[in-house]
Amino acid sequence: MIKKLTTILTLIYICFFPVYAQPQNIPVSVEADRIERDPSGRLIAEGNVVVHYKDYTLYAEKIIYDQSKDIIDLKGNIRVKTGNFELEGKEGWWNVKDETGEIYNIKGVMYGKYYVKAKSLRKKGDRFYFKKGEFSLCPFDQYDWYFKSSSGSIKEKDKLLAYNLTFRFCKVPLLYTPIFYYPTGSRQSGFLIPIIGQDTYNDFTLKIPFYLVTGRSSDMTFTFDYRNNQGQGLDVEYRYRFSRYSMFKGDIFYFKEKGEGFWWEGRDINPLKNRWRIYGNTRFKWNDLKVFFTLEIPSDPYFYEDFYNTSTLYKRYRSYTKSQLLAIYEDKDYTVELNFDFLYDLSKPTNEETLQRLPELRFYLKKKNLWEKLPVYFDFLSVNTNFYREKGDTGIRSDNLFNLSLYTNFMKVSNILEVHQRTTVYVGLEDVNKGNAIRNLFHIRNITRMVEYRRYKGFTHSIIPQITFNYISKVKQDDLPYYDRDDRIPSVKDIDLSLFNILNFNSKNFLRWEIGTGYTFLDQYYIGDMMYKGNVKPAKNSLYFKLGSITGENTLFYDFDRNQITRSISSVVIPFFGLFTYSVSHSFDKGIDRDSLHQVSNGISFGVKNLKFRGTVLNNLKDGYVQQKRVGIVLNRKCWSLTFAYIEDFKKTTGQTYQTYYLTLNILDIRYNLPFLMSKPQ
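This section reports on the structure supplied with the text. All values derive from a computational prediction rather than experimental measurement. Positions within a chain are numbered from 1, following the residues in the order the chain's sequence is written. In keeping with the predicted nature of the model, local features appear solely for residues at pLDDT of at least 70, side-chain atom pairs appear and are counted solely at 80 or more, and the whole-chain, interface and lining totals rest on all residues. Here the side-chain values reflect all heavy atoms present in the structure, with hydrogen atoms and water set aside.

1. Quick word on the overall build of the protein chain
Phase 1 of the analysis: Helix and strand counts for the protein chain stand at 3 helices and 44 strands.
Phase 2 of the analysis: By the compact-globule yardstick of 26 Å for 682 residues, the protein chain is too spread out, its C-alpha radius of gyration being 36 Å.
Phase 3 of the analysis: Any residue under 20% of the maximum accessible area for its type is buried, any over 50% is exposed, and the rest in between are partly exposed; the area is computed with a 1.4 Å probe on protein chains only. Counting across all 682 residues of the protein chain, residues that qualify as buried make up 39%.
Phase 4 of the analysis: Taking as baseline every contact in the protein chain between residues at least 6 positions apart, the subset at least 24 positions apart corresponds to 40%.
Phase 5 of the analysis: In this description, accessible areas are obtained by the Shrake-Rupley approach with a 1.4 Å probe, and a residue is regarded as covered only by the protein chains that are shown. A total accessible area of about 38800 Å² is found for the protein chain, and carbon and sulfur atoms account for 57% of it.
Phase 6 of the analysis: Put simply, the protein chain has 97 plus and 76 minus side-chain charges, and the middle of one group is 6 Å from the middle of the other. A run of DSSP states H or I qualifies as a helix once it reaches four residues; a run of E qualifies as a strand once it reaches two. Both are numbered from the N-terminal end. Radius of gyration here uses only the C-alpha atoms, and the compact-globule reference equals 2.2 Å multiplied by the residue count raised to the power 0.38. Here, two residues are considered to be in contact whenever any of their heavy atoms come within 4.5 Å of each other. Working convention for charge: Lys and Arg count positive, Asp and Glu count negative, and His plus the chain ends are omitted. Charge positions come from single atoms, namely NZ of Lys, CZ of Arg, CG of Asp or CD of Glu.

2. Points about a nonpolar patch on the surface
Phase 1 of the analysis: Residues enter patches when their relative accessible area tops 30% and they take part in no salt bridge; the joining distance is 9 Å for like charges and 5 Å for the nonpolar side chains Val, Leu, Ile, Met, Phe, Trp and Tyr. Salt bridges are counted wherever a side-chain nitrogen of Lys or Arg sits within 4 Å of a carboxyl oxygen of Asp or Glu. Residues Phe576, Phe577, Leu579, Phe580, Ile604, Phe606, Val608, Leu611 and Ile633 make up a contiguous nonpolar surface patch of roughly 820 Å² in combined accessible area.
Phase 2 of the analysis: Take the nonpolar patch: its biggest share by element is 3 residues, from strand β39 (residues 597–608).
Phase 3 of the analysis: Mapped onto the elements, Val608 comes out in strand β39.

3. Observations regarding the pattern of salt bridges
Phase 1 of the analysis: Inspection of every chain in the model, using the stated rule, returns 40 salt bridges.
Phase 2 of the analysis: Measuring nitrogen to oxygen at the nearest pair gives 2.6 Å for the salt bridge that ties Arg34 to Glu46. Here Arg34 is found in strand β3 (residues 34–37), whereas its partner Glu46 is found in strand β4 (residues 43–53), with 12 residues between them in sequence.
Phase 3 of the analysis: Here Arg34 falls in the partly exposed class, since its relative accessible area comes to 43%.
Phase 4 of the analysis: Lys629 serves as the salt-bridge partner of Glu648, at 3.9 Å between the closest nitrogen and oxygen. Of this pair, Glu648 sits in strand β42 (residues 640–651) while Lys629 sits in strand β41 (residues 625–636), and the two are 19 residues apart along the sequence.
Phase 5 of the analysis: Its relative accessible area of 32% is what places Lys629 among the partly exposed residues.
Phase 6 of the analysis: A single salt-bridge network, built from bridges that share partners, covers Glu257, Arg267, Arg275, Asp300, Glu305 and Asp306.

4. A look at the environment of Glu265
Phase 1 of the analysis: As for its position among the elements, Glu265 is in the loop between β19 (247–257) and β20 (274–286).
Phase 2 of the analysis: Here Glu265 falls in the exposed class, since its relative accessible area comes to 64%.
Phase 3 of the analysis: For the pair formed by Glu265 and Ile495, sequence separation is 230 residues and the distance between their alpha carbons is 56 Å.

5. Some thoughts on the nonpolar core
Phase 1 of the analysis: Grouped together as the largest cluster of nonpolar side chains are 46 residues, with contacts concentrated most on Val51, Ile63, Ile72, Phe85, Trp94, Met110 and Trp145.
Phase 2 of the analysis: Sequence-distant contacts of Ile72, defined by excluding residues within four places in its chain, comprise Val51, Leu58, Ile63, Ile64, Tyr65, Gly92, Trp93, Trp94 and Val96. Among buried residues, the Ala, Val, Leu, Ile, Met, Phe, Trp, Tyr and Cys ones that are joined through side-chain atoms within 4.5 Å form a nonpolar core.

6. Observations regarding the packing of aromatic side chains
Phase 1 of the analysis: Stacked, tilted and edge-to-face are the three classes assigned to paired rings of Phe, Tyr and Trp, where Trp is represented by its six-membered ring and a pair needs centres within 6.5 Å; plane angles under 30 degrees give stacked, over 60 edge-to-face, the rest tilted. Counting across every chain of the model gives 40 aromatic pairs.
Phase 2 of the analysis: A ring pair is formed by Phe253 and Phe303, whose centres lie 6.0 Å apart and whose planes are at 70°; its orientation type is edge-to-face. Of this pair, Phe253 sits in strand β19 while Phe303 sits in helix α2 (residues 303–307), and the two are 50 residues apart along the sequence.
Phase 3 of the analysis: On the basis of relative accessible area, Phe253 is assigned to the buried category, the value being 7%.
Phase 4 of the analysis: The class of Phe303 is buried, set by a relative accessible area of 2%.
Phase 5 of the analysis: The interplanar angle of 20° and the centroid separation of 5.0 Å between the aromatic rings of Phe576 and Phe580 together place this pair among those described as stacked.
Phase 6 of the analysis: An aromatic cluster is built from Phe130, Phe135, Trp145, Phe147, Phe167 and Phe180, whose rings are joined through pairwise contacts.

7. Quick notes on the state of the cysteines
Phase 1 of the analysis: Cysteine sulfur atoms that pair up within 2.5 Å are treated as a disulfide. Applying the stated criterion to the full structure yields 1 disulfide.
Phase 2 of the analysis: Between the sulfur atoms of Cys138 and its disulfide partner Cys639 the distance amounts to 1.9 Å. The disulfide joining Cys138 to Cys639 has a torsion of about 80° about its S-S bond and is therefore right-handed. In this pair, Cys138 sits in the loop between β10 (127–136) and β11 (145–154) while Cys639 sits in the loop between β41 and β42, placing the two residues 501 residues apart along the sequence. With respect to burial, Cys138 and Cys639 carry one shared label: buried.

8. Description of the pairing of strand β40 (residues 611–620)
Phase 1 of the analysis: A strand pair is defined by DSSP finding two or more bridges across the two strands. Taken together, the 10 bridges between β39 and β40 define a ladder with antiparallel strand orientation. When the bridges of β40 are listed, Val608 appears paired with Leu611.
Phase 2 of the analysis: Joining the antiparallel neighbours β39 and β40 is a turn of 2 residues, in which Lys609 adopts a positive phi near 55°.
Phase 3 of the analysis: The sheet contact formed by β40 and β41 spans 10 bridges and is antiparallel. Residue Lys612 lies in a different strand from β41, and its bridge partner there is Val634.
Phase 4 of the analysis: Between β40 and β41, which pair antiparallel in sequence order, lie 4 residues; one of them, Gly624, sits at a positive phi of approximately 70°.

9. Some details on the environment of Ser398
Phase 1 of the analysis: Among the secondary structure elements, Ser398 is positioned in strand β26 (residues 395–410).
Phase 2 of the analysis: What makes Ser398 buried here is its relative accessible area of 17%.
Phase 3 of the analysis: Taking C-alpha positions, Ser398 is 9.6 Å from Glu360, a pair spaced 38 residues apart along the chain.
Phase 4 of the analysis: Once residues within four sequence positions are removed from consideration, Ser398 is found in contact with Ser382, Val383, Asn384, Thr423, Thr424 and Val425.
Phase 5 of the analysis: Counted as a polar contact is a pair of N or O atoms within 3.5 Å, where, for protein atoms, one must be capable of donating a hydrogen and the other of accepting one, and residues adjacent in sequence contribute only when both atoms are in side chains. In terms of polar contacts, Ser398 uses its side chain to reach the side chain of Asn384, at 2.5 Å.
Phase 6 of the analysis: Here the side chain of Ser398 touches Asn400 through a polar contact of 3.1 Å, side chain to side chain.

10. Section: unusual backbone geometry
Phase 1 of the analysis: Of the consecutive residues Leu358 and Pro359, the connecting peptide bond is found in the cis state with omega at -10°.
Phase 2 of the analysis: Relative to the helices and strands, Pro359 is located in strand β24 (residues 356–371).
Phase 3 of the analysis: Positive phi values are uncommon outside glycine, yet Asn563 reaches one of about 55°.
Phase 4 of the analysis: With phi around 55°, Lys609 is a residue other than glycine that occupies positive phi space.
Phase 5 of the analysis: Position of Lys609 relative to the elements: it lies in the loop between β39 and β40.
Phase 6 of the analysis: Given the relative accessible area of 85%, Lys609 is considered exposed.

Here it is, written out as C-alpha cells:
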C-alpha cells in the first residue's frame, strides 16, 4: 500500500525536534509516496516527491532534506517551478532559506520567453550563472537558432553576459565572439546591432548605432552612417520624458559627401559637400494647457530624395516640411489655440513666396443651449491669422463664425436647422487700393430625415429618406486678397435628395446603400472643392457591404447632362476557400476642369503554414503604363522571421524606374537589412 504523507516543517519540528520554535524555520510542505528520517535526522522522501514553499514548487523522484542547513538535495527527473521560470534536470540542490540552488543537465523556460539548456545552472540572488549553456527565443520543438556559450549569467531587467559565444542557425555556427552582452531590460547602454545593406545610390551601406542611457528619463542614440558612394555621417538623437504625456525628442543628422555623384546631374543647384537635417518634436501638458512643437529643416530641397532613396516615391519626393509651435488651452466652455506655422517649400529654389501663418489665434466658444426649454444651441469660432511671405500678398485676416442650431423631432421625422453668420475682416493689407476690407456671408442649412425600420427573421431593414437645403449668400470677394480657399466662399442655393437603405444581418453581415441627387438654382454646383456647370447634380450611388468574408465598397457619380460617369472609386476583397485572397481597387475621375485619373490596383495574398506572400500591381489605365509593383514574402517562425520585399516605382515626369530590393532577418526583435541586389534608377 502506497503511503502518502503531507506535512509542514513546523509540524515536523513539533513531532521530532525541540528546536521548532526558532524564528528562522521555513514553512515547507512535502508530499511523497514514502517519507522517513535517517539516523542523522535528515528527512528522506521517495516516489513522486512534491515540495511546496513560498511560490516555489519542487518535483523529484527522491529528496534528502537537511533542515539544519535548509538544503534539499534533489535526485532523479527533478523540476523546479516558480512564477519566473520552470526548469527540468537530472539532479541538484536547493536552499529554501536564501533561495539559492544548482541544477545539472537542465532544460526549461525562464521569464516566460528564454528557452535554456545548460550543463549546470546556479541561482544566486536574482542572477543565474550557467556553464555550457544554450539559450534562444525559439521553443524546443522549433530550435531554429540559439546562442551557445561556455559560461555566463542572466538576470531579468538587467543583462545577459556570455563568454566564448557562438550564434548557430539551423545548428550551423555563423558567428563567434569571446564575450557577448545583451540587455534583458528595456534600457541598457551599449552598441546596437549594425545595419548592413544597399540602396539606390550605394552598393554598400553600414549603420552602427550606439545607445546611451543618460538618466532615468532620458537617453541618446549615436549612429555612424557610411555609404560607399555618397560618404559618411553621424546621426545624434536625444530623447527626454518629463512625464507620462510630456516628452522631447531631438535629432541632428550631418553627412559629408565625397564628391559629385550621378544624383546631382540635371539639378538646379550645385553639388553640396555638407548635408544635414535638424528635427525636433515636443509635447507638454500642464493642467488644461497643451503645447506641441515640431521643427524640421533640411539643408537643401534634395535631401529627402538622396537620403531616403529606398523609400516610396511619396516619402522620397516631399514637397515641403513643416515646423510648428501649437499651444492649446482647453476649458469646459471654450478652447483657445495659438499656432505658429513655418513651411519650407522643397519644390522651389527659394522660400520667398511661401505663405506662412505667423501666428494664428483661434478662439472657440463651445456649443451651448440658448434656452433650457427649447433645443436651440449656439457656438462661436474666431480664427485670426497673420499671413506673411517675403513676396506676395500679406496681411491679417479675422474670420468669425456664429452658429445657431435648432433640433426638432416629430414621431419618426427629425429636423436640423442651422443658421451661420460669417464675418471676415482683412487689415494691414500692403495694397493701398485694397486697404482694409470686410466680407459678410449668411449661410442656412436644413436637414430633414425620417427613419423607418422593420425587423425580419435574420435581419433588420432601415429606410432613411433625407432632404437637405443649403444656401450661402452671394457677395463680392474678387478684390479680396487670396491666401487660401476660405477667401473665396462660393454662393450656394441647392436642394439635395438622398435615400439610405441599410440591411443589418444577425450574422454581423451588412449592406448599406445610398442613392441621391440634387438641384441647384444657380448655374454651378460643387462636389467637394470642384465646381461644375449646370443645374442638375450628378446622381450619387454608394454601396458598402460585408457578406461573409467578402467586403467591398463603391461610390460613383453619374452626370445627367453629359450622360456619363464622372467619378468612381471601388474596391473589393475576396477570399477563395481559405487558399488565397484577391483584392482589386479601381479609381476613375473624368477630370473635368482638372487632370483626369484612371487607375486600377490588383493584389493577391496567400499563406502556406508560416510562409506568407503578397503582391500588388498598380496600373495607370489613362496613360497605359505600370505605375508601381510590390512583392513581399514573409517566412514567420515566431521566434524569427525573414522578409523579402521588392518595390518598383515609375516616375513619369523623369521617365525613370526606381527599383528597391531588400532582405530583412528579424531575430531578437532586431532587424538586419542584408545586402541583396544593387538598386539604381533605370
